[in-house]
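# Observations on chain architecture
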Amino acid sequence: MPYDLGATARLTAECREPGGALVTAGTATVTVTLPDGTTATPTAAETSTVGQYRADYVTADAGRHTVRWVFTSPAHAYTDSFDVRDQAPPTVLSLQDAKSLLKKESPADDPLVRFWLEATTRAVEYFVGPVVVRTVTEDHQVGLERSLALRKTPAISLVSVTSLRAGGYDYDTGLLHLDPVTGAVTRTDGGLFTGPLQVVYRAGRPIISANILAGSQLILQHLWRTVSGPGRPQRGMDDFDVTEPIPGLGYAIPNRARQMLNPDDDGPGIA
């Protein structure tokens, strides 16, 4: 499961001789490659078990990290990876609400519940656009246009509209009009935009409607059952008997959840 940003990732590996037996290495080096391509080399040490090594790395960047272990005497190597969440990953339901819904009260269940809650949020926003309020930064290639269209809606407010060209013109957001539904931005003085421009704005829903919350709960329950149950239910059992595939999505999204999201569906792929 992904680590929270700032948490310690415990990295482990084993050194084995060519025959497969665990042995103490002459040297053990672990290199962590960060998402930006830089590297870190936390100290590796053998545990109380011969041939088993451990290193602790304090995460500082969100994204995929690659881990490379290299041992000498005998020569052995091992490669792995781990992920680090954003500082505040968006979730349509709280962790406590999700755990109550799934009847998983043990803290040991938290990592898996959080993983599927984040996946559920992504699925919901695929259909209805941003739900959790967040700041969005976009580059727009415009040239003498009467309006520009933000890519994520509903949009709440403009933060800044600045030129990406040296000496270019920056726009006062107080003199711009934003249509929150379509994401269209126009100048109130009737003038034109000239780019390229970088637009920073807030998108999402300050108040999440009941149908979106209900659809989110249905998707989370469905995903949890399909991956954590004793096995895939047969047709005519559990929730598979009321689930039909959505083109391109298979059975990941139950039809009844899709129907709950319909009133806010602006078309797929906008989240």
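Preceding this section is the structure that the text describes.
Residues numbered from 1 in each chain as written. Predicted model: local features only at pLDDT ≥ 70, side-chain atom pairs only at ≥ 80, totals over all residues. Heavy atoms only, no water.

Of the two faces of strand E1 (residues 8-14), only one is covered, namely that formed by Ala9, Leu11 and Ala13; the face formed by Thr8, Arg10, Thr12 and Glu14 stays uncovered. Pairing of E1 with strand E5 (residues 52-58) involves seven bridges; the strand directions are antiparallel. Bridge pairing in E5 places Arg10 opposite Asp56. (Buried < 20%, exposed > 50% of the residue type's maximum accessible area, 1.4 Å probe, protein only. Helix = DSSP H or I, 4+ residues; strand = E, 2+ residues; numbered from the N terminus. Pairing = 2+ DSSP bridges.)

Right, let's get into the environment of Ala9. Looking at the element boundaries, Ala9 is found in strand E1. Its relative accessible area of 0% is what places Ala9 among the buried residues. Note: C-alpha distance between Ala9 and Thr59 (50 residues apart in sequence) is 6.8 Å.

Moving on, we get to the sheet that holds strand E2 (residues 27-33). Strands sit in the order E3-E2-E6-E7 across an open sheet of four strands; the sheet is antiparallel. Only two strands of the sheet have a single neighbouring strand rather than two, namely strand E3 (39-40) and strand E7 (76-84).

Attention now moves to the pattern of salt bridges. Any two side chains of opposite charge can pair, given that their charged atoms come close. In this structure the tally under the stated criterion is 12 salt bridges. Residues Arg114 and Asp4 are paired through a salt bridge, measuring 2.7 Å at the closest nitrogen-oxygen approach. With a gap of 110 residues between them, Arg114 in helix H2 (residues 110-128) and Asp4 in the segment before E1 connect regions that are remote in the sequence. For Arg114, a relative accessible area of 23% corresponds to the partly exposed category. Given a relative accessible area of 32%, Asp4 falls into the partly exposed group. Between Asp264 and Arg205 there is a salt bridge, and its shortest N-O distance comes to 3.9 Å. Placement of Asp264 in the segment after helix H4 (255-261) and of Arg205 in the loop between strand E15 (197-203) and helix H3 (210-228) is noted, with a sequence separation of 59 residues between them. (Salt bridge = Lys/Arg side-chain N within 4 Å of Asp/Glu carboxyl O.)

In short, the description is geometric, and any link to function would need to be established separately.
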